[in-house]
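Commentary on secondary and tertiary structure
Listed here are the chains, written in short residue letters.
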Amino acid sequence: MNNKPININSLLINAFKALREKRYAESKDLLEMVMLINSNIFEVNYNLGILNLESGDLDASIPYFEKSKKLNPKSSQVYFNLGLAFSKKKEKILAKINYKKAIKLDPNNSLAFYNLGTIYQNNFETDKAEQYLKKSIDLNPNFILAFNNLFNLYDRSNQLDKYSELLERAQNSLSEKNLISFYSGINQYKKKNYQQAIEILENLKLEENNFIQNINRHTILAKSYDHIKNFDKAFYFFKSNNDLVKNYYGKNINEKIFINYVNQRVDFFNNFKVNKWKHYSKKNEFTDPIFLIGFPRSGTTLLDTILRTNKSVEVIEVKPILKNFLIKLEKETKNDFNQLYDLDQEYIKEMQNFYFSEREKYQKNKKTKIVIDKLPLNIIHIGEILRIFPNAKFVLALRHPYDSVLSCFMQQFDLNPAMKNFLSLENSAILYDLVMRLWSIYKKIFKINLHIIKYEDVVIDFEKTTKEIFKYLDLDWSDDTKNFYLTAKNRIDISTPSYNQVTSPLYLKSLNRWKNYEKQFKDIKKYLDKWVNEFNYKI
């Protein structure tokens, strides 16, 4: 038997050699052997933290960094990497604490300033985000990522003067001149100089790693051509943009998952008998929830902004309140809709309490009189909502089916199985048809407490239409409602693609926009014309 003692120095030499030669698994094994002998070596803990962080094992990396912090409390990089690990775990508070400590120990850590600024930016804390991103650029004048985030921040918050100032700074410090041209083209577009934007962006060649900017370039070209009424070119660039998005982000996303998800509800509720549900007397200390629903790009963000002019309203925008509610419900029913028939009264009360508990997490003002849960595609979950909340209120936003579908195709959404359908005009129309078939089934079998509001009516007869929805929600209407876009300008947390539109007064250009692209609808009319008639629109 070999009882020769293990040479810790030899292990360390071999571990760090393997690390330099990028033999990471071997290095990790050797470092873990060292830990069994002596767990108080800073370099061993720190490098095990790094190896686990880079392999994606965040929970394993954090204890090593915490131990490293105790062994060397003045190491800025330890705090930086802890911030990175917590950031990846979406634990923003702990991430911010560690990034700030890293900055305190090393005030020249440009990347720490950038990461901290990005956290604030994602949390819509514009002033703090600007502060840290600008400092990151001060420390590293050629830091493209920091420039990009700051350009996006000024764009989203409509600070065009600051955008122009930043562009001038980029021209003096950034080495990638093509990126400067890209930002210059965006600036011309924001200034409504559409022809100049086209001239800058049309022949611009960006590096392969600038794929985000390349996607945005196609978006801006499409919108610029639309503004100058060259609709063939506009459609070409909208389609090219969507093809790029599909290639860069959509490869591992299956849009059919959502189609099947909706079809399951169509199949069940099409043969559903509401009198088979066990009904119970209402014993609920909460008010009935209100849902703002509709097909995407039908004016829900506009309605959201209009309703916010009343101080007693809070609209919770695109949060996973109902998603978490449905996950809990699906566990109980084992994804079998037939199980909805026999839910007992105690469970229904439990689910009611759960929904309001989830909703409260996102409420900014707990004393608000009216709280509205806004997520358009919650329209497909009316059956499950009414099973738990039979008196729930719904505001349905409608828009001309052609315009709604076209707008979905033209917008850039964060991709998931539902949103990926919008990368194709035909798939957008197919999904519209499917969602509205389900809506028609719900409308036929349930008595829905409902107010329907058409986008076109809001634009054409604003006062009458908005007074009607305020009355439905038992709200006071005032002249402030007419200046809804001023309310929107003071918001920095609009998390939908409509943020630019709702910060401007209403305009007629958005009505019947599809007619500019009429020939593109030739092969998909079969999906939409029935709904044009159903909702009393015209072709």
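Residues numbered from 1 in each chain as written. Predicted model: local features only at pLDDT ≥ 70, side-chain atom pairs only at ≥ 80, totals over all residues. Heavy atoms only, no water.

Brief notes about the sheet that holds strand 3 (residues 370-374)
Pairing is parallel across the open sheet formed by five strands, whose spatial order is 2-3-1-4-5. The strands lining the two open edges of the sheet, one partner per strand, are strand 2 (313-317) and strand 5 (449-454). The sheet shows a mean angle of 25° between the axes of neighbouring strands, taken without regard to direction. In the sheet, strand 4 (residues 393-398) pairs with strand 5 via six bridges, with the strands oriented parallel. (Pairing = 2+ DSSP bridges. Helix = DSSP H or I, 4+ residues; strand = E, 2+ residues; numbered from the N terminus. Axes fitted to C-alpha atoms, helices over the stretch in contact; angles between N-to-C directions.)

Some words on the environment of F337
Considering the arrangement of structural elements, one finds F337 in the loop between helix 17 (321-333) and helix 18 (345-362). Sequence separation between F337 and A146 is 191 residues; the distance between their C-alpha atoms is 49 Å. F337 has contacts with Q264, R265, F268 and E384, leaving out every residue within four places of it along the chain. (Contact = heavy atoms within 4.5 Å.)

Topic: the side chain of Q121
Mapped onto the secondary structure, Q121 falls in helix 7 (residues 110-122). Look past the residues within four positions of Q121 in its chain and what remains in contact with it is A129, L133, N149, N152 and L153.

Quick notes on helix 5 (residues 76-88)
For helix 5, which comprises 13 residues, the first-to-last C-alpha distance of 19 Å matches the rise-based estimate of 18 Å (1.5 Å per residue) to within 8%. Where helix 5 is concerned, the buried positions are S76, V78, Y79, F80, N81, L82, G83, A85 and F86. The secondary structure elements touched by the buried residues of helix 5 are helix 3 (42-55), helix 4 (58-71), helix 6 (92-105) and helix 7. Directly beyond the C-terminal end of helix 5, a positive phi value near 65° is found at K90. (Expected span 1.5 Å × (residues − 1). Buried < 20%, exposed > 50% of the residue type's maximum accessible area, 1.4 Å probe, protein only.)

Let's talk about the pattern of salt bridges
Applying the stated criterion to the full structure yields 29 salt bridges. In this structure, D226 engages K509 in a salt bridge whose closest nitrogen and oxygen atoms are separated by 3.6 Å. Taken together, the residues span a long stretch of sequence, with D226 in helix 13 (residues 211-227) and K509 in the loop between helix 24 (484-489) and helix 25 (525-534) at a distance of 283 residues. Among the residues examined, D226 registers a relative accessible area of 2% and is labelled buried. Close ionic contact of E384 with R265 constitutes a salt bridge, the shortest N to O distance being 2.9 Å. With E384 in helix 19 (residues 382-388) and R265 in helix 15 (residues 256-269), the pair connects residues that are 119 residues apart, well separated along the chain. Note on accessibility: E384 and R265 belong to one class, buried. Among the charged side chains, a salt-bridge network with shared partners connects D304, R308, E317 and K374. (Salt bridge = Lys/Arg side-chain N within 4 Å of Asp/Glu carboxyl O.)

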